[in-house]
Amino acid sequence: MEAELERVQTRILNRIFSLELCLSLPPGSAPRRRDTNTEARLSHILRSNGVSDFAFKTVASDYYDCPLESRRHILDAASIHHLCKSMVLVNTQAPSYVIDCSDRSNSKYYVVVIQYTARFNAEALKNYLYALNNGKIAKKKFNLRLAPEEVSAELTGYGHNAVTSIGMKTDIPVILDEAIVKLHPDFFWLGGGEVDLKLGIRTSEFINFVKPFIVSCSST
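Just so it is clear, the structure is predicted and the values come from calculations on it, not from any experiment. (Residues numbered from 1 in each chain as written. Predicted model: local features only at pLDDT ≥ 70, side-chain atom pairs only at ≥ 80, totals over all residues. Heavy atoms only, no water.)

Asker: Can you help me understand the pattern of salt bridges in this one?
Answerer: Pairing between side chains of opposite charge can happen when their charged atoms approach one another. Scanning all chains against the criterion turns up six salt bridges. Linking Glu-154 and Lys-169 is a salt bridge whose minimum nitrogen-to-oxygen distance equals 3.4 Å. Taken as a pair, Glu-154 in helix 5 (residues 149-156) and Lys-169 in the loop between helix 5 and strand 6 (174-177) lie far apart in primary sequence, 15 residues in all. In this structure Lys-169 comes out as exposed when scored by relative accessible area, which is 57%. Within this structure, Asp-53, Asp-186 and Arg-202 form a network of salt bridges that share partners. (Salt bridge = Lys/Arg side-chain N within 4 Å of Asp/Glu carboxyl O. Helix = DSSP H or I, 4+ residues; strand = E, 2+ residues; numbered from the N terminus. Buried < 20%, exposed > 50% of the residue type's maximum accessible area, 1.4 Å probe, protein only.)

Asker: What is the right way to read the packing of aromatic side chains from this model?
Answerer: Pairs of aromatic rings are described using the distance from one ring centre to the other and the angle between the two planes. Within the structure shown, the criterion is met by five aromatic pairs. Measuring from centroid to centroid gives 6.0 Å for Phe-54 and Phe-56, while their planes differ by 80°, and the two rings are edge-to-face. Summarising the burial analysis for this pair, Phe-54 and Phe-56 share the class buried. Each ring, one from Phe-188 and one from Phe-206, has its centre 5.3 Å from the other, and the planes form 80°; the classification is edge-to-face. (Phe/Tyr/Trp six-rings, centres within 6.5 Å; stacked < 30°, edge-to-face > 60°.)

Asker: Quick question: what am I supposed to make of the sheet that holds strand 2 (residues 84-91) here?
Answerer: Hydrogen bonds between backbone atoms are what pair the strands of a sheet, whose relative direction is either parallel or antiparallel. Judged by pairing direction, the sheet is mixed, and its five strands sit side by side in the order 5-2-3-6-9 without closing on themselves. At either margin of the open sheet sits one strand with a lone partner, and together these are strand 5 (144-146) and strand 9 (213-215). Across the sheet, the axes of successive neighbouring strands diverge by a mean angle of 35°, strand direction being ignored. Sheet analysis places strand 2 next to strand 3 (residues 109-115), joined by seven bridges and oriented antiparallel. Directly across from Val-90, in strand 3, lies its bridge partner Tyr-109. Packed onto the sheet, helix 7 (residues 203-210) meets strand 3, strand 6 and strand 9 and runs at close to 155° relative to strand 6. (Pairing = 2+ DSSP bridges. Axes fitted to C-alpha atoms, helices over the stretch in contact; angles between N-to-C directions. Contact = heavy atoms within 4.5 Å.)

Below, the structure is given as structure tokens:
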């Protein structure tokens with residue numbers, strides 16, 4: 001009993017220490033480093049496609065141990081709702097002839113960009129894709145699930161907690177949750193291609209460049 005209590009106390013103390021480290025960094029003070037190949041490559045892609053309002057920030061290795069409010073503080077984001085993530089989805093019930101991303105309306109894979117504060121609604125996305133295909137494909141043929149991590153890495157070229165919809169290895173159709181479009185100010189943060197690199201971008205410029213499907217596919 002005492003041993004278990006000691007383990008619990010140790011975990012709590014470690015958590016408090018981690019939070020103190022997160023909160024000790026003032027806004028915008030995340031350690032900067034010289035441009036990495038990833039940052040330089042993505043910056044070039046963005047600028048070459050008319051995107052000018054974006055920023056990269058490097059974060060500490062314990063970034064994902066921090067609560068959302070601390071992450072917001074580190075990135076100097078407008079709110080915790082402006083913190084987003086990109087997830088690769090696979091249609092596990094796609095017809096046998098659908099094997100890649102060549103048809104945006106009926107792709108084997110999609111990347112969905114969603115807020116950390118929201119919950120992905122697979123049923124809403126299923127209904128959207130069914131309507132997008134004018135009902136010509138049975139609704140049961142749309143079953144979007146999180147792709148295995150190794151599949152995600154192979155398709156995007158990015159590892160866990162580093163996925164971004166910019167500069168992916170494969171041209172995967174992107175779905176932007178409508179809730180992000182409604183954010184004010186219209187500048188949100190997402191993965192930057194490396195675990196410790198985050199990308200902030202103007203929503204309107206992201207939409208003009210990426211041309212995502214804008215879908216209401218989350219709940220809070």
